[in-house]
Amino acid sequence: MRAIWKGSIAFGLVNVPVKVYTATEDHDIRFHQVHAADGGRIKYDRVCTVCGKSVQYADIDKAYESPEGEKVVLTDEDFAKLPAAEKHEIPVLQFVPSEQIDPILFDKSYYLEPDSNTPKAYVLLAATLERIDRTALVHFTLRQKTRLAAMRVRDGVLVLQTLLWPDEVRAVDFESLDDISEPRPQELKMAETLVESMSDDFDPDHYTDEYQIELKRVLDEAIAGGTGKVVSQEKAEPAEMDAEVVDLVAALQRSLEASGRRGSGGATKKTAAKKAAPAKATKSAAKSTAAKKTATKSAAKKAPAKKSAARKGA
């Protein structure tokens, strides 16, 4: 990794020299726009709408247009006059309980590496944050833009996460949620049972980006075959949801049964079956009982064979 910033953390009278590294990276496959007829790359030209000439990037300034249509052009000198925090200092503003920061405010993440031959102050700050379970609010200036950021500890390393300003989070007011009745106790109980049956400790290694894996496979096959176009494979359409399932409790019951069959979430099939037992008095169970009563004689003869097979499986 290459450091993108060097400076120091101002922790009271303590100065902690650090280097900043981007903590995350995007592994999505990138595509270029090309001419469909000959595969030539598409290029974009910055053209002035007044004189019609191409404009070099160095000759471009930034302009703001007000709602009334008034245009104001600012140069680099104008931006340099604006107030900004010290470019090579990360001042600690406050220490707050970590749970008070809404995750929706988190933006980009950066690693902080000690930039000193004796990183004792760095280790002290990291150990203190971990011990008191609090997050440091700081100011961080990068590329002439000052952001509010949260500094915390991850695996013994200080991590800086820039935060959105409160007015950058949109307020929501969905009319579709107005005048909605509260869930019934039975629905809540079923939903809680379903959540419990699917619960387990979080391990990010259990999840993969299937889209990128398939896309890479398609590209590899195209390269191996020496062709730029790949015939898409037909995929089975997902099974449609049962249109007759309108009862929320019945839908939860089906989810529980499916979860039990998969054996996911750490809960055993026996446990899931016991927890789902109170819900067997639903319409689907009644239909199942009625279907059993109207079974044919041939189906009745097959029943013993199924039981014996079940015993062997047990």
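Residues numbered from 1 in each chain as written. Predicted model: local features only at pLDDT ≥ 70, side-chain atom pairs only at ≥ 80, totals over all residues. Heavy atoms only, no water.

Draft legend 1. Representation of the overall build of the protein in the model. What the protein contains, in helices and strands, is eight helices and nine strands. Split into buried and exposed, the 314 residues of the protein put 20% on the buried side. Expressed as a percentage of contacts within the protein between residues at least 6 apart in sequence, the contacts between residues at least 24 apart total 62%. For the protein, the exposed area adds up to about 25,400 Å²; of that, 54% sits on carbon and sulfur atoms. (Helix = DSSP H or I, 4+ residues; strand = E, 2+ residues; numbered from the N terminus. Buried < 20%, exposed > 50% of the residue type's maximum accessible area, 1.4 Å probe, protein only. Contact = heavy atoms within 4.5 Å. Areas by Shrake-Rupley, 256 points an atom, 1.4 Å probe, with all protein chains shown as cover.)

Draft legend 2. A look at helix α4 (residues 210–225). Between the first and last C-alpha of α4 there are 22 Å, a value that for 16 residues agrees with the 22 Å anticipated at 1.5 Å per step. Taken together, the buried positions of α4 are Q212, L215 and A222. All buried residues of α4 project into a common sector of 85 degrees when viewed along the axis, lining one side. Those residues of α4 that are exposed and aimed more than 90 degrees away from the buried face are A224 and G225. The positive-phi residue at the C-terminal boundary of α4 is G226, with phi of around 70 degrees. (Expected span 1.5 Å × (residues − 1). Arc of directions from axis to C-beta.)

Draft legend 3. Up close: the nonpolar core. Core analysis: the biggest nonpolar cluster contains 22 residues, and I9, L112, F140, M151, L158 and L160 have the highest contact counts within it. Put simply, the parts of the chain that give this core at least two residues each are β1 (5–11), β2 (14–22), β5 (89–97), β6 (106–114), α2 (120–132), β7 (134–142), β8 (145–154) and β9 (157–163). Once residues within four sequence positions are removed from consideration, M151 is found in contact with I9, V92, L112, L125, L129, T135, A136, V138, L158, V159 and L160. Counting residues in each nonpolar core, the second largest holds six residues, with V96, I101, L137 and L148 among its members. (Core = buried A, V, L, I, M, F, W, Y, C linked by side-chain atoms within 4.5 Å.)

Draft legend 4. Geometry of the side chain of T193. Relative to the elements of secondary structure, T193 occurs in helix α3 (residues 185–197). Here T193 falls in the buried class, since its relative accessible area comes to 11%. In terms of polar contacts, T193 uses its side chain to reach the backbone carbonyl oxygen of K189, at 2.8 Å. (Polar contact = N/O pair within 3.5 Å; in protein donor to acceptor, adjacent residues only side chain to side chain.)

Draft legend 5. Structural view of a negative patch on the surface. On the surface, a cluster of negative charge is contributed by D59, D61, D76 and E77. In this fold, E77 is placed in helix α1 (residues 76–80). (Patch = residues over 30% accessible without salt bridge, like charges linked within 9 Å, V, L, I, M, F, W, Y side chains within 5 Å. Salt bridge = Lys/Arg side-chain N within 4 Å of Asp/Glu carboxyl O. Lys, Arg positive; Asp, Glu negative; His and termini not counted. Charge placed at Lys NZ, Arg CZ, Asp CG, Glu CD.)

Draft legend 6. The arrangement of a nonpolar patch on the surface in detail. A surface patch of nonpolar side chains, amounting to about 460 Å² of accessible area, comprises V172, F174, L177 and I180. Within the element layout of this structure, L177 appears in the loop between β9 and α3.

Draft legend 7. Just the sheet that holds β6, in detail. Read around the barrel, seven strands follow the order β1-β2-β6-β9-β8-β7-β5 and close on themselves; strand pairing throughout is mixed. Pairwise comparison of adjacent strand axes, ignoring direction, gives a mean angle of 40 degrees for this sheet. Lying over the sheet, α2 contacts β1, β2, β5, β6, β7, β8 and β9, oriented at roughly 75 degrees with respect to β8. (Pairing = 2+ DSSP bridges. Axes fitted to C-alpha atoms, helices over the stretch in contact; angles between N-to-C directions.)

Draft legend 8. Representation of the packing of aromatic side chains. With the rule as written, the count across this model stands at four aromatic pairs. Aromatic pair W5 and F140: ring centres 5.4 Å apart, planes at 70 degrees, arrangement edge-to-face. A residue pair is termed long-range when its members are at least 10 positions apart, and W5 in strand β1 and F140 in strand β7 qualify at 135 residues. On the basis of relative accessible area, F140 is assigned to the buried category, the value being 1%. (Phe/Tyr/Trp six-rings, centres within 6.5 Å; stacked < 30°, edge-to-face > 60°.)

Draft legend 9. Just the state of the cysteines, in detail. Evaluation of the coordinates by the stated rule reveals zero disulfides. Of the cysteine sulfurs around C51, a residue in no disulfide, the closest is that of C48, at 3.8 Å. (Disulfide = S-S within 2.5 Å.)

Draft legend 10. Broad picture of the pattern of salt bridges. One pass over the full model with this rule turns up five salt bridges. Close ionic contact of E187 with R184 constitutes a salt bridge, the shortest N to O distance being 3.0 Å. Using a relative accessible area of 13% as the deciding quantity, one classes E187 as buried. Where E214 meets R217, a salt bridge forms, and the shortest distance between an N and an O atom there is 2.9 Å. Pair noted here: E214 and R217 are both in helix α4, with a separation of three residues, about one helical turn. In this structure R217 comes out as partly exposed when scored by relative accessible area, which is 26%. One salt-bridge network, held together by shared partners, links E214, R217 and E221.

Draft legend 11. Expanded view of the environment of S8. In this structure, S8 sits in strand β1. Under the relative-accessibility criterion, S8 is labelled buried at 10%. Excluding residues that lie within four positions of it along the chain, S8 makes contacts with N15, V16, P17, V18, H88, E89 and I90.

Draft legend 12. How the structure looks around the pairing of β8. Note that β7 and β8 share seven bridges and pair antiparallel. Looking across to β8, one finds that V138 is bridged to A149. From the end of β7 to the start of β8, which pair antiparallel, there are two residues, and R143 there has a positive phi angle of about 55 degrees. Examined bridge by bridge, β8 and β9 share seven bridges and lie antiparallel to one another. Pairing of L148 across the sheet is with L163, part of β9. Between β8 and β9, which follow one another and run antiparallel, lie two residues, and D155 among them has a positive phi close to 55 degrees.

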